[in-house]
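Working through the structure, step by step
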Amino acid sequence: MATCDDLYEQLHRLDGQGYGAYKSLRGEYAFEDFVLHIDHVQGDPFAAPSRVRVVVPQAVAGFPKDLWARPCRAIALADYLTRAFHGATQRQERGSGSGKSGQIGIVRPSQAVLERSAAKVTAAAVELRFTVGLPAFGRRIAGRQGAVLLCQAVPNLVKRTLVYEALDRGKIQRHVDTVEDAEALRSQLADHSLVAFVADGAILPRRSGVDERPLQDQAIPFKSPDALRVTLRCPHAGEVSGMGIPQGITLIVGGGYHGKSTLLRAIEAGVYNHVPDDGRHQVVTDPAAVKVRAEDGRSIAGVNISPFIGSLPQGKSTQAFSTPNASGSTSQAANIIEAIEAGATALLVDEDTSATNFMIRDRRMQALIAKDREPITPFIDKVRQLYTDYGISTVLVMGGSGDYFDVADTVVAMDEFVPQDVTERARSIAAQYKTERDREGGPQFGSLTPRIVQPDSIDPSKGRHSVKLRARDVDQLQIGTEAIDLSAVEQLVEPGQVRAIAEAIVYAQRHYMTATTPLAAAIAAVMADLGQHGLDSLTEWPMGDLVWFRGLELAAAINRLRTLQIG
Ligand code: ADP
Ligand code: MG
């Protein structure tokens, strides 16, 4: 194998040559403490930077087994190292040169601790994947700068961020333990018949709509109402008490600006683990809980929304409903049915992002518009059946309609950011002031129809390029010539998840979508491969920018593909 010295000399030889000559660097180089893999070399200084990996043997890295022996701890440790490396690159001087010269980059982690292809810790080694902008002046190779970058800056970063000795042991321990505790808390939810758990002392509000870090000074820590308090055990923090949200139907009520949506958002985020200082690191949720909302304008392909939407004007079928332009209510109905199809076991709904006519239909409206003139059966008349027939719980923020008291098992009132259990009061109010509504939902929720995707309705090709995928942020991905709008898929937290989902759509189409495979089965097969072989199973080459996602979000992306056809 070539060595660091060979690389150094080669870079000096390349100095002043045309940028394309950098291609000769592809390969592996043995450094003193690690092996550097140059997997992909950028075509010019302005193109996406070159992809490299370092593999540091444990003999050098020295992470004690305790930190990586269990899968969730290995993920947490890898997450920590990615953050350490990312932090160090932010402080790095870039030097001069054109385009991305001298840039060292790695995926930027959010507040969530996730499995990422950027870092992996095993018994044998620590592997980190990142990018470097190979330096140039104009379009001429800046070989000396290249040598400084690869033979000095990179080894320095490795020494400072990937070697146990150089890192803060206490912080690493806390990071890894916090994640294992969150896993332990989540794993106890089902035994206690809970959908979610919010620990006392948790900090739920965020700094701003664009800053996911916890709100600092003014934040009021979470405090469970006594009636809903449960105590769970975790391996490191010991006993943790907090509010348990029971399975069934839970309403979150309260005045405007009293913290209802903030609580729901914390519950949405609770499907992931979080870093120790997040404030939500002991907020955990049923891993198959899905936020659903209205999303007018989305396309829908062959979804049986008939439990919610009956005969439409012009006799349009709702058993296999398709539209390129859904209304608020039909989009929310489809979002719910699709989530169930993909395996959701709990729904999270906020009035702020729901279609009013989907959520409620009061006595007076029932009197004015007869049932046979209104295709919509409102959610209030199906939410109970959803639980009794399919075991799917709902947590619903609803400050605007007390009609829901009739169908709720638990009612939590947010009062100046402090939750109160008002279930009994809501019950007696419901008995005192009858809504006099007709129940429109019937005894059953209605049947669910599995769908089979026509494989060729997913086309990742673009002109002569065989596959073209793009995902720059959490709101959109591009597959071939088609853009998929993910702005209503609210539980995606990192662009890398969207990139991985783009790869997974192609992978699902190639390997599992057949004329007889239901969509849910194809997704389950992809997720099983991912569970077994990791994110690398999605791509031909080792990539550093993929982040773990749920099958639920993969399904959500496929369902929003405008070319999708159901067989
Ligand atoms: P609602 O949905 O009840 O109208 P929100 O959840 O949107 O209210 O919260 C209103 C504002 O209060 C937001 O700016 C939010 O960040 C802030 N907030 C929420 N919870 C807390 C808390 N525990 N401490 C301090 N501020 C909070
Ligand atoms: Mg709100």
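Residues numbered from 1 in each chain as written. Chains lettered and ligands numbered in written order. Predicted model: local features only at pLDDT ≥ 70, side-chain atom pairs only at ≥ 80, totals over all residues. Heavy atoms only, no water.

1. Regarding unusual backbone geometry
Definition in use: Counting from the N terminus, the helices are DSSP H or I runs at least four residues long and the strands are E runs at least two residues long.
Within the chain, Q314 stands out as a residue other than glycine whose phi angle is a positive 65 degrees. Mapped onto the secondary structure, Q314 falls in the loop between β20 (300-303) and β21 (321-323). Although it is not a glycine, E416 sits at a positive phi angle of roughly 50 degrees. Its place among the elements puts E416 in the loop between β24 (410-415) and β25 (418-421).

2. A short note on the packing of aromatic side chains
Short version of the rule: Ring geometry is summarised as follows: Phe, Tyr and Trp rings, the Trp one being its six-membered ring, pair when their centres sit within 6.5 Å, and such pairs are stacked at plane angles under 30 degrees, edge-to-face over 60 and tilted between the two. Think of it in three bands: with a 1.4 Å probe and only protein chains considered, a residue is buried below 20% of the maximum accessible area for its type, exposed above 50%, and partly exposed in between. Whether a charge lies above a ring is judged from NZ of Lys or CZ of Arg, which has to be within 6 Å of the ring centre and within 35 degrees of the ring normal.
Inspection of every chain in the model, using the stated rule, returns ten aromatic pairs. Seen from their ring centres, Y390 and F445 are 5.9 Å apart, and the 85 degrees between their planes marks the pair as edge-to-face. Here Y390, found in helix α10 (residues 383-390), pairs with F445, found in the loop between α11 (423-432) and β26 (469-473); they are 55 residues apart in sequence, far enough to count as distant. A relative accessible area of 34% means that Y390 is categorised as partly exposed. An aromatic cluster is built from F308, F358, F379, Y390 and F445, whose rings are joined through pairwise contacts. When the ring centre of F445 is taken as reference, the NZ or CZ atom of K382 above it lies at 5.8 Å.

3. As for the coordination of the magnesium ion (ligand 2)
Test applied: For Na, K and Ca the donor cut-off is 3.2 Å; for every other metal, N, O and S atoms count as donors within 2.8 Å. Water does not enter the count, which can leave sites looking incomplete.
Binding of the magnesium ion (ligand 2) to the protein goes through S261 (OG) and D352 (OD), at separations of 2.1 to 2.2 Å. One end of the pair, S261, is in helix α6 (residues 260-269); the other, D352, is in the loop between β22 (346-350) and α8 (356-359), and 91 residues separate them in sequence. Under the relative-accessibility criterion, S261 is labelled buried at 13%. Its relative accessible area of 56% is what places D352 among the exposed residues.

4. Description of the pattern of salt bridges
One side chain can pair with another of opposite charge once the charged atoms of both are near each other. What counts is decided by this rule: The rule for a salt bridge is simple: a side-chain nitrogen of Lys or Arg has to be within 4 Å of a carboxyl oxygen of Asp or Glu.
In the structure shown here, the tally under the stated rule is 37 salt bridges. Salt-bridge contacts for D277 lead to R174; the nearest nitrogen and oxygen are separated by 2.9 Å. Here D277 is found in the loop between β17 (273-274) and β18 (283-285), whereas its partner R174 is found in helix α5 (residues 169-187), with 103 residues between them in sequence. For D277, a relative accessible area of 55% gives the class exposed. Overall, the relative accessible area of 43% leaves R174 in the partly exposed class. In this structure, E553 engages R550 in a salt bridge whose closest nitrogen and oxygen atoms are separated by 2.8 Å. Judged by relative accessible area, E553 falls into the buried class, the value being 3%.

5. Some thoughts on the sheet that holds β26
Quick reminder of the rule: Whether two strands pair comes down to DSSP finding at least two bridges between them. In this description, a line fitted to the C-alpha atoms serves as the axis of each element, helices being fitted only across the stretch in contact, and the angle between N-to-C directions of two axes falls anywhere from 0 to 180 degrees. Whether two residues are in contact is decided by their heavy atoms, any of which lying within 4.5 Å being enough.
The three strands are arranged β26-β27-β28 in an open sheet whose pairing can be described as antiparallel. Each of the sheet's edge strands pairs with one partner strand only, and the pair in question is β26 and β28 (482-485). Neighbour to neighbour, the strand axes of the sheet diverge by 20 degrees on average, direction disregarded. Taken together, the four bridges between strand β27 (residues 476-479) and β28 define a ladder with antiparallel strand orientation. Pairing of L477 across the sheet is with I484, part of β28. Contacts from helix α12 (residues 495-511) reach β26, β27 and β28, with the element oriented near 160 degrees to β26.

6. Let's talk about the state of the cysteines
Basically, it comes down to this: Only a pair of cysteine sulfur atoms within 2.5 Å qualifies as a disulfide here.
The tally for this structure, following the rule as stated, stands at zero disulfides. Unpaired in this structure, C4 has its nearest cysteine sulfur neighbour in C151, at a distance of 3.9 Å. Among the cysteines around C72, which has no disulfide bond, C234 carries the closest sulfur, lying 12 Å off. By relative accessible area, which is 12% here, C72 ends up buried.

7. Side note on the domain arrangement of the protein chain
Put simply, the rule is: Domain ranges listed in this record stem from an automatic or a database domain assignment. Defined here as a combined quantity, buried area equals the accessible surface (1.4 Å probe) lost by two parts on assembly, summed across both. Throughout this description, a polar contact denotes any pair of N or O atoms lying within 3.5 Å of each other; where both atoms belong to protein, one of them has to be capable of donating a hydrogen while the other can accept it, and for residues adjacent in sequence the pair is counted only when both atoms sit in side chains. Three categories are distinguished: nonpolar for Ala, Val, Leu, Ile, Met, Phe, Trp, Tyr, Cys and Pro, charged for Asp, Glu, Lys and Arg, and polar for the others, with Gly belonging to the last.
What the domain assignment reports for the protein chain is domain 1 (2-167), domain 2 (178-449) and domain 3 (455-559). Here the C-alpha centre of domain 3 lies 27 Å away from the C-alpha centre of domain 2. Taken together, the contact between domain 2 and domain 3 spans 20 residues of the former and 14 residues of the latter. Summing both partners gives a buried area of about 1,300 Å² for domain 2 against domain 3, and 50% of it is carried by carbon and sulfur. In terms of surface lost to domain 3, no three residues of domain 2 exceed Y272, E341 and A342, which account for 39% of the buried area on that side. In this structure, the connection of domain 2 to domain 3 is made through two salt bridges. E490 serves as the salt-bridge partner of K291, at 2.5 Å between the closest nitrogen and oxygen. On inspection of domain 2 and its partner domain 3, the count reaches ten residue pairs in polar contact (both at pLDDT 80 or more). Broken down by secondary-structure element, the contributors of at least two residues to the side of domain 2 that touches domain 3 are β19 (289-292) and α7 (328-341). Within the side of domain 2 that touches domain 3, the residues separate by chemical class into ten nonpolar, three polar and seven charged.

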